[in-house]
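So the chains spell out like this:
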Amino acid sequence: MSERLSGDGAQRVTVRIRRGAAGEAPRFDDFAVPFEPGMSVLDAILWIRAHEDCSVAFRYSCVNANACKECMVLVDGKVEYACTARLKPEGVTVEPLVAFSEALADLFGHWRERASQDAAESFLVELARQLGPP
């Protein structure tokens, strides 16, 4: 993330994050994040953790390289990698992939055992469809 994002005088966009730990009712928290064209959703989440709420739970391993696949979330209802999904000027909603993982806290979860190979294949086919050609 750019060090220029101090937030002073910058255009701000709303990043809505689904929050909650395992066993809790989910809720959404809204954060006003400084916006720069080309910012990723990961940039916004890291800014939130550094400047607004250090308790936002999120898993990632790389930064803007799409190599680790750890930062997969729903962005506006679509499966995305937070490191490559672009922050939109109108803002975004970010949620965990609860259909295929167990949310432990906020956007952080772990993959649970799949009931069958068909479920895993369906997930990968849908992900490929949403992400499009390489």
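Only a predicted model underlies this, so the values are computations on that prediction, with no experimental measurement involved.

Draft legend 1. Representation of the nonpolar core within the structure. In terms of nonpolar packing, the biggest core is built from 32 residues, with Val 15, Val 33, Val 41, Ile 48 and Leu 87 touching the most fellow members. Taken together, the elements giving at least two residues each to this core come down to β1 (12–19), β2 (27–34), α1 (41–51), β3 (72–75), β4 (78–81) and β5 (92–95). Top contributing element to this core by residue count: α1, with 7 residues. Contacts of Val 33, omitting those with residues within four sequence positions, involve Gln 11, Arg 12, Val 13, Val 15, Met 39, Ala 44, Trp 47 and Ile 48.

Draft legend 2. Spotlight on unusual backbone geometry. In the Ramachandran plot, Asp 76 falls in the positive-phi region, its phi being about 55° despite a non-glycine side chain. Looking at the element boundaries, Asp 76 is found in the loop between β3 and β4. Owing to a relative accessible area of 38%, Asp 76 belongs among the partly exposed residues under this scheme.

Draft legend 3. Layout of the confidence of the model for the protein chain. In this model, the protein chain carries a mean pLDDT of 77, and residues with pLDDT of at least 70 account for 68%. Of all secondary-structure elements in the protein chain, the lowest mean pLDDT belongs to strand β7 (residues 108–111), at 51, while β2 reaches the highest, 95. Segment residues 111–116 is flagged for pLDDT under 50; beyond a separation of four residues in sequence, or across chains, it makes 13 contacts in the model.

Draft legend 4. The pattern of salt bridges, seen in detail. Summed over the entire model, instances satisfying the criterion amount to 6 salt bridges. In this structure, the salt-bridge partner of Asp 53 is Arg 19, at a minimum N-O distance of 3.0 Å. Taken together, the residues Asp 53 in the loop between α1 and β3 and Arg 19 in strand β1 connect sequence positions 34 residues apart. You can call Arg 19 buried: its relative accessible area is 5%.

Draft legend 5. Representation of α1. Here α1 lies mainly inside the structure; 8 of its 11 residues are buried. For α1, the complete set of buried residues consists of Val 41, Leu 42, Asp 43, Ala 44, Ile 45, Leu 46, Trp 47 and Ile 48. Where α1 begins, the capping side chain belongs to Ser 40, and its oxygen is found 3.4 Å from the backbone nitrogen of Leu 42.

Draft legend 6. The arrangement of the sheet that holds β2 in detail. Reading across the sheet, the 5 strands line up as β2-β1-β5-β3-β4 and stay open at both edges, with mixed pairing between neighbours. Pairing within the sheet leaves two strands with one partner each, and these edge strands are β2 and β4. On average, each strand axis in the sheet is tilted by 35° relative to the strand beside it, whichever way the strands run. Bridge analysis of β3 against β4 gives 4 bridges, and the strand direction is antiparallel.

Definitions and cut-offs
- Residues numbered from 1 in each chain as written.
- Predicted model: local features only at pLDDT ≥ 70, side-chain atom pairs only at ≥ 80, totals over all residues.
- Heavy atoms only, no water.
- Core = buried A, V, L, I, M, F, W, Y, C linked by side-chain atoms within 4.5 Å.
- Buried < 20%, exposed > 50% of the residue type's maximum accessible area, 1.4 Å probe, protein only.
- Helix = DSSP H or I, 4+ residues; strand = E, 2+ residues; numbered from the N terminus.
- Contact = heavy atoms within 4.5 Å.
- pLDDT = per-residue confidence, 0-100.
- Salt bridge = Lys/Arg side-chain N within 4 Å of Asp/Glu carboxyl O.
- Polar contact = N/O pair within 3.5 Å; in protein donor to acceptor, adjacent residues only side chain to side chain.
- Pairing = 2+ DSSP bridges.
- Axes fitted to C-alpha atoms, helices over the stretch in contact; angles between N-to-C directions.

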